[in-house]
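The residues making up each chain are set out below.
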Amino acid sequence: MAEKSEKQPMQRKNKILIAVIALLVVAGVVLGVVFGLKSKNATNDQDKKSDSVKEDSKPTDNSGNNTVTPPPPKVNGTMINGVLFPYYVLDGPTPAPVTTVGTVYSNCKVPNTFSISFDDGPSQYTTALLDLLDKEGIKVTFFVNGNNDGCIYEKQEIVKRAYKSGHQIASHTWSHPSLLTLTPEKITEEMTKLETALKDILGVVPRYMRPPFGDGGLGTNPAGDKKVQDTLRGLNYVITTWDIASGDANIDSHAPPYKLSDAALLAAQQKEYNVGISGSPKGAPHMALQHDTYERTVSLITPWAIKMVKELGYKIVPVGECLGDDPRNWYKSIEAPAATAPTKCVP
Ligand SMILES: [Zn+2]
């Protein structure tokens, strides 16, 4: 009996103990759920904040480890007329241009700037050039044609890439004629036909142009120059030539077989650049002309020129920047491109 009487209180004690443990477990589960939810909400709040405050946001994954979340992409450009003007983040209203239409600029104006510009493309070599410029972090000016080295509509992705990368797109006429040989009406046609193409492809109309061969801007034909410049003034174009011609178009062939060895070509380039640079004070700006329609201009001359110009302490910039114009003034108009651009050139 004694045994039985002792056993019964023990059973009661055990039952009480089990009940207490069960209660503690239930309470623990309830508390765990409540705090778990709270902590999840806190994480969500943090996530919401991280949308607007990008720095120091290190959300954790389910395992509790820190994960690195890439920051949201920065707005790279400026909204103008409801479209993104790429690359340049520009505040406030557009300032008045510092350049004058109808005037010929044969050199840059901003000290310590050096513009390297490329004429006659886009070409089959332009993509490799854009890769190089991206790698070097350099912006340049492309004086493009509509139908010179092939049809611009068929190479529109190259032009779009150049524009979106922050390079200046300027006009080199539709078909690359000497403007001295044309009537004002034909000059106008050469300019407006390319305007239509660039409006279709990019949505912008350049304000900067370079006459093919420099004809009309070199001061060699007073009557012809006046005709060209008056016509271009009427079309609101800034006329730019160069003070350093690398001579790539005169001394090289577009592709193999080459007329010169690599070493001879670079020596000739060095000579042309030296003539331009050594004749002016240190830090004096320069406007160099090259052509992206030559394979070795892209593969050999430009890498060499970039290195040489950088070593001289210059900042390499587009022509519009080395003349001091706000990027918005590199263009006569900035709008949305056509929903569908043509894919072929009409003769
Ligand atoms: Zn040209």
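Because the structure is a prediction, the values reported are computed rather than measured.

Each value, and the rule that gives it
- Residues numbered from 1 in each chain as written.
- Predicted model: local features only at pLDDT ≥ 70, side-chain atom pairs only at ≥ 80, totals over all residues.
- Heavy atoms only, no water.
- Salt bridge = Lys/Arg side-chain N within 4 Å of Asp/Glu carboxyl O.
- Helix = DSSP H or I, 4+ residues; strand = E, 2+ residues; numbered from the N terminus.
- Buried < 20%, exposed > 50% of the residue type's maximum accessible area, 1.4 Å probe, protein only.
- Core = buried A, V, L, I, M, F, W, Y, C linked by side-chain atoms within 4.5 Å.
- Expected span 1.5 Å × (residues − 1).
- Arc of directions from axis to C-beta.
- Contact = heavy atoms within 4.5 Å.

Colleague: Describe in detail the pattern of salt bridges, supporting the description with residues and values.
Modeller: All chains considered together, the criterion is met by 17 salt bridges. Linking Glu195 and Lys332 is a salt bridge whose minimum nitrogen-to-oxygen distance equals 2.7 Å. One end of the pair, Glu195, is in helix H4 (residues 184–201); the other, Lys332, is in strand S15 (residues 331–334), with 137 residues separating them in the sequence. For Glu195, a relative accessible area of 15% corresponds to the buried category. With its nearest N and O atoms 2.6 Å apart, the salt bridge here joins Asp230 to Lys226. Here Lys226 and Asp230 lie together in helix H5 (residues 222–234), a separation of four residues that amounts to about one turn. With a relative accessible area of 52%, Lys226 lands in the exposed category.

Colleague: Run through the nonpolar core, naming residues and quoting values.
Modeller: General note: in soluble globular proteins, nonpolar side chains tend to be found buried as a group. By size, the foremost hydrophobic cluster in this structure holds 61 residues, and its most contacted members are Phe114, Phe142, Ile152, Ile169 and Tyr273. It is helix H8 (residues 295–311) that contributes the most residues to this core, six residues altogether.

Colleague: So what's going on with helix H7 (residues 262–278)? Residues and values would help.
Modeller: In this model, H7 (17 residues) spans 23 Å end to end at C-alpha, consistent with the 24 Å of a helix rising 1.5 Å per residue. Within H7, burial applies to Leu265, Gln269, Tyr273, Gly276 and Ile277. The buried side chains of H7 occupy one side of the element, clustering within an arc of 95° when seen end-on. Summarising the geometry of H7, the exposed residues directed more than 90 degrees from the buried face are Ala263, Lys271, Val275 and Ser278. Of the surrounding elements, those touching the buried residues of H7 are strand S4 (113–119), strand S12 (244–245), helix H6 (248–251), strand S13 (286–291) and H8.

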